[in-house]
Every structure is written in C-alpha cells, then in structure tokens.
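# Observations on chain architecture
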Amino acid sequence: MSTAIAAIPAFDYREQFAAIEDEIMAAVRAVLGSGSLILGPRVADFERDFAEFLGGGCTVGVGNGTDALAIALRALNVGPDDEVITVANTAVPTISAIRMVGARPVFCDVDRATLLMDFHDFEARITPRTRAVVPVHLYGHAVDMPALGELAARHRLAVVEDCAQACGTTIDGRHVGTFGDSGAFSFYPTKNLGAYGDGGLCFTRRADLAEIMRQIRFYGRDERGECVREGMNSRLDELQAAILTVKLRHLAEHLAERRRVAATYDALLAPHVERPRIAPNIEHSFHLYVVLVPRRAELCDRLRAQQIGYGIHYPQPVHRQRGYSFLDCEAGTLPQTEWAANRVLSLPCYPELSRDAIERICQVVNDHCQLGT
Ligand SMILES: *Cc1c(COP(=O)(O)O)cnc(C)c1O
C-alpha cells in the first residue's frame with residue numbers, strides 16, 4: 001500500500017548550511033589563514049555583535065551552555081553548602097552546572113498551563129541556605145522574569161537565567177537573559193543560534209561580573225596572565241565564533257521562520273490538541289514546538305510509521321533519573337512536572353520546515369487526538 005513518502009527529520013542542519021555555505025566557508029578560511037585560533041579577534045567580534053543583539057551589556061564567549069551556567073554561578077559566588085532552586089523538566093545540564101560549583105539543586109514544580117516554574121512552589125522551597133534561582137526558559141518560552149526578579153530580590157537570591165533554548169525570546173520586547181544577574185546561552189548545533197560544534201556564552205549587565213567570568217573561562221588569569229582566582233578552561237574558539245557571527249546575521253530571518261512554523265501548527269492542529277499557554281507579552285522563539293497528548297507511545301508509533309521525526313523533552317524529569325538518585329527526590333514530589341513528562345511531545349520545528357510537511361504532521365496528530373482521551 002505504501003507509496004514512497006519523504007522523511008521529515010526532527011532536525012537536520014544541512015539544508016540551512018547549503019543556503020549559507022559560501023559565507024560560512026569564507027569565514028572558516030579567514031580564521032585558518034589568520035594564525036589565531038583561540039581568544040582572538042573573532043571571539044571579540046562575536047561577543048560584541050551578540051551583546052548588540054541583546055540590546056547592550058557584557059558578553060563572555062565560553063565552551064558550551066553548561067559551562068556558561070556554571071561560570072555564571074561561580075562568578076556569583078554560589079558554591080558548596082548553597083542551595084539553588086530550579087525545575088526538573090529541563091535538560092540534565094541545568095543540573096550538571098549547579099553540581100559543578102558544588103551546590104545542591106532543589107526542585108520546584110511547574111505551572112500546568114505553561115510548564116514553567118511555579119512561583120508559589122518556588123517560594124515554598126526557599127530555605128536559609130538558598131543562594132540562587134535558575135529559571136529555565138523551556139522550549140523557547142519565557143519565565144515571567146519581572147515577577148521572578150521581585151521575588152528573588154525580596155529573598156536576596158542571585159538569578160541565572162538558562163536561555164539555552166530561548167535565544168531570541170523576548171518579554172515586552174526585552175530579551176530573556178538580560179533580566180537576571182546573568183543569562184547563559186548555548187550554541188549547541190540544534191539551538192536557535194547553532195554553531196557547527198560546541199559553544200556558549202554568559203551575558204551580564206555588570207562589568208565587574210563579566211571580568212570575573214572572563215578570568216574563570218581561562219584558568220583564572222587576568223589580562224596580564226597572572227592567575228588571580230581558581231578557574232577552568234572553557235573558551236569559545238575562533239572558528240565557532242566566526243561561524244556564529246555569520247549565522248547571527250541570519251538569526252532574525254531564522255526566528256521569523258520558526259514563528260511561521262509555529263503559527264502554521266497553531267492554525268492546523270485541532271483546537272483540543274493541548275499546548276503550553278503563552279502570555280501575550282512574550283515573543284516565543286520556538287526552539288521546540290510541544291504538544292501534550294494522551295497515549296503518547298501510540299502516537300510516536302504512528303509518527304515513526306509515517307517517517308516523521310519527533311522528540312520528547314523530557315521523558316524523565318531530572319529528579320527521577322538514576323544519576324541523581326542521591327538527591328532523594330521521590331516520585332510524586334513534583335506532580336505537575338511528572339504529569340507533563342508523560343504527555344509532552346516535540347514536533348519537528350525548524351526554519352526550513354515546509355507547510356506541506358506541517359500539514360502531514362498535523363494530520364497524524366489530529367487523527368490520534370480525535371480517538372478520544
Ligand atoms: C542545551 C541545553 C543546555 C546545555 O547546553 P550545552 O551547550 O549542550 O552545554 C542547558 N540547558 C538547557 C535547557 C538546554 O536545552
């Protein structure tokens with residue numbers, strides 16, 4: 001019965017690369033011919049351009065998004081004996097970073113409508129040891145930062161925003177990452193602004209904090225090369241910085257395409273297909289387009305049969321993963337998080353996705369959801 005149908009991947013960078021290949025290869029050739037591969041002019045150029053994109057402030061290019069979070073926490077003096085509140089429906093690296101500085105992650109539940117940090121539960125989890133909060137702008141959505149900023153100030157907590165999935169997301173026109181003490185970005189290839197390898201960046205409005213971050217990323221050295229604090233090695237390299245500078249020039253157009261894809265899903269999915277609620281003052285960047293579905297495994301089978309890629313972000317919240325069993329968070333302690341983990345499904349969402357492909361995907365999802373819940 002099957003006529004050949006084209007596969008729709010969950011993600012593939014190659015079509016986009018083909019469209020900008022000449023610009024990318026010229027940038028790569030220029031770096032390799034320049035004699036400078038580490039912390040040279042391309043990293044400085046990219047840091048300047050990315051700061052401008054965010055509307056001003058200080059930027060420090062680092063090795064990856066996990067390190068960006070850890071370096072921000074370390075620069076803010078978060079360390080052993082401190083508790084850091086975050087969510088469990090996030091990528092594991094949010095928690096890795098908290099553990100890298102020796103602090104203890106404390107999980108708060110999420111709001112069922114938005115799947116983002118629940119502020120009531122957040123306040124309930126604050127103790128005298130709480131030093132910081134890491135809001136996660138999951139899927140490209142945005143935590144209500146003005147509200148969280150007030151709560152954090154009242155309890156004297158540092159705020160490090162996990163913007164790994166939310167490059168380009170704004171609240172009332174202001175970029176996420178610029179509200180807290182620091183914002184951490186990832187340039188992992190699948191992210192909204194993806195390198196062709198690893199990369200990350202710390203944003204802060206405070207020049208003193210940026211200087212500390214610059215020292216930490218490079219063995220703790222100051223500009224003269226003296227080691228003035230304990231550091232690590234987490235440098236953005238010149239090749240990735242040059243590639244990112246090219247891709248940043250196309251970011252506005254790629255974000256517009258992601259929003260076009262999301263708007264098409266919004267229009268074509270049946271109204272009863274559940275999706276996270278987005279407040280009108282938030283401009284979502286749609287790193288992922290997520291639906292909440294009953295009988296998810298069955299729908300995944302149908303998608304696979306139709307050669308449609310998908311993702312699950314995330315099937316197991318971090319507090320239920322074996323590697324973090326030492327945190328002793330029992331099942332049932334984060335009821336909304338656990339409820340969502342059984343239902344979330346990420347549909348293909350990237351700038352190059354065609355309307356035909358989206359129509360095919362929506363047909364499968366709508367058929368599945370019509371079967372009753
Ligand atoms: C991707 C991601 C990270 C980590 O970024 P890397 O560059 O892979 O280290 C952190 N937090 C979230 C929410 C992410 O999606």
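Before reading on, note that the structure itself is shown above.
Residues numbered from 1 in each chain as written. Predicted model: local features only at pLDDT ≥ 70, side-chain atom pairs only at ≥ 80, totals over all residues. Heavy atoms only, no water.

## Overview of helix 10 (residues 296-305)
Put simply, the rule reads: For the exposure calls, accessible area comes from a 1.4 Å probe over protein chains only, and a residue counts as buried if that area is under 20% of its type's maximum, exposed if over 50%, partly exposed in between. For helices the rule is a DSSP run of H or I covering at least 4 residues; for strands it is a run of E covering at least 2, with both sets numbered from the N terminus onward. Within this analysis, the arc is defined by the directions that extend from the helix axis to the C-beta atoms.
When helix 10 is considered as a whole, its buried residues turn out to be Arg296, Leu299, Cys300 and Leu303. Mapping the buried residues of helix 10 onto a view down its axis gives an arc of 105°, with all of them on the same face. Residues Ala297 and Ala305 are exposed on helix 10 and point more than 90 degrees away from its buried face. Following helix 10 by one or two positions, Gln307 has its phi on the positive side, about 60°.

## Comments concerning the nonpolar core
Selection criterion: Buried Ala, Val, Leu, Ile, Met, Phe, Trp, Tyr and Cys residues form a nonpolar core when they are joined through side-chain atoms within 4.5 Å. Contacts between residues were defined by any pair of non-hydrogen atoms, one from each residue, lying within 4.5 Å.
If you look at the biggest cluster of nonpolar residues, it comprises 53 residues, and the most contacted ones within it are Phe46, Phe50, Phe122, Phe185, Phe187 and Leu193. If we skip the residues at most four places from it in the chain, Phe122 touches Ile85, Cys108, Met117, Val133, Leu148, Leu151 and Leu157. One finds Val60, Ile98, Leu209 and Met213 within the second-largest nonpolar core, a separate group that totals 29 residues.

## Description of the packing of aromatic side chains
Selection criterion: Geometry of aromatic contacts follows a simple scheme: Phe, Tyr and Trp rings, the Trp one being its six-membered ring, pair when their centres are within 6.5 Å, and the pair is stacked under 30 degrees between planes, edge-to-face over 60, tilted otherwise.
This structure, assessed with the given rule, holds eleven aromatic pairs. Between Phe286 and Tyr289 the ring centres are 6.0 Å apart and the planes differ by 25°, which places this aromatic pair in the stacked class. On the basis of relative accessible area, Phe286 is assigned to the buried category, the value being 11%. Look at Tyr289 and you get buried, because its relative accessible area is 2%.

## Some thoughts on the sheet that holds strand 4 (residues 130-133)
Note the cut-off: Pairing between strands is defined by DSSP: at least two bridges between them are needed. Angles run from 0 to 180 degrees between N-to-C directions of axes, and those axes are lines fitted to C-alpha atoms, restricted for helices to the stretch in contact.
Here we have seven strands laid out as an open sheet, ordered 1-9-8-5-4-2-3, and mixed in their pairing. Pairing within the sheet leaves two strands with one partner each, and these edge strands are strand 1 (58-62) and strand 3 (104-108). The sheet shows a mean angle of 25° between the axes of neighbouring strands, direction not considered. The sheet contact formed by strand 2 (residues 83-87) and strand 4 spans three bridges and is parallel. In the sheet register, Ile85 faces strand 4, and the bridge partner there is Val133. Contacting strand 1, strand 8 (182-186) and strand 9 (200-204), helix 2 (residues 41-54) runs over the sheet at an angle of about 130° to strand 1.

## Focus on the sheet that holds strand 10 (residues 282-283)
Hydrogen bonds between backbone atoms are what pair the strands of a sheet, whose relative direction is either parallel or antiparallel. The three strands are arranged 7-6-10 in an open sheet whose pairing can be described as antiparallel. Each end of this open sheet is capped by a strand with a single partner; those strands are strand 7 (174-175) and strand 10.

## Observations concerning a nonpolar patch on the surface
Basically, it comes down to this: In this scheme, patches are assembled from residues that exceed 30% relative accessible area and form no salt bridge. Like charges are connected within 9 Å, while nonpolar side chains (Val, Leu, Ile, Met, Phe, Trp, Tyr) are connected within 5 Å. Accessible surface area values rest on a Shrake-Rupley calculation with a 1.4 Å probe, where residue burial reflects the displayed protein chains alone. Salt bridges, as used here, are contacts in which a Lys or Arg side-chain nitrogen is within 4 Å of a carboxyl oxygen on Asp or Glu.
The grouping of Leu32, Leu37 and Ile38 at the surface amounts to a nonpolar patch, some 290 Å² of accessible area in total. With respect to the helices and strands, the residue Leu37 is situated in the loop between helix 1 (14-34) and helix 2. Relative accessible area serves as the criterion here: at 48%, Leu37 is assigned to the partly exposed category.

## With respect to the pattern of salt bridges
Applying the stated criterion across every chain yields a total of 17 salt bridges. Among the ionic pairs, Arg217 bridges to Glu47, the shortest N-O distance being 2.9 Å. In this pair, Arg217 is assigned in helix 7 (residues 207-217) and Glu47 in helix 2, connecting sequence segments 170 residues apart. Classification of Glu47 by relative accessible area gives buried; the value is 9%. The salt bridge partner of Asp222 is Arg224, with a shortest N-O separation of 3.6 Å. By relative accessible area, Arg224 is classed as exposed at 71%.

## Here's the deal with the pairing of strand 8
Along any regular strand, the residues point their side chains to alternate faces of the sheet. In terms of burial, strand 8 is largely enclosed, as five of its five residues are buried. Residues Ser182, Ala184 and Ser186 line one face of strand 8 and the alternating positions Gly183 and Phe185 line the opposite face, and both faces are buried. Here strand 5 (residues 158-162) pairs with strand 8 via three bridges, running parallel. Directly across from Glu161, in strand 8, lies its bridge partner Gly183. Bridging between strand 8 and strand 9 involves four bridges; their strand directions are antiparallel. Paired with Phe185 across the two strands is Leu201, which belongs to strand 9.

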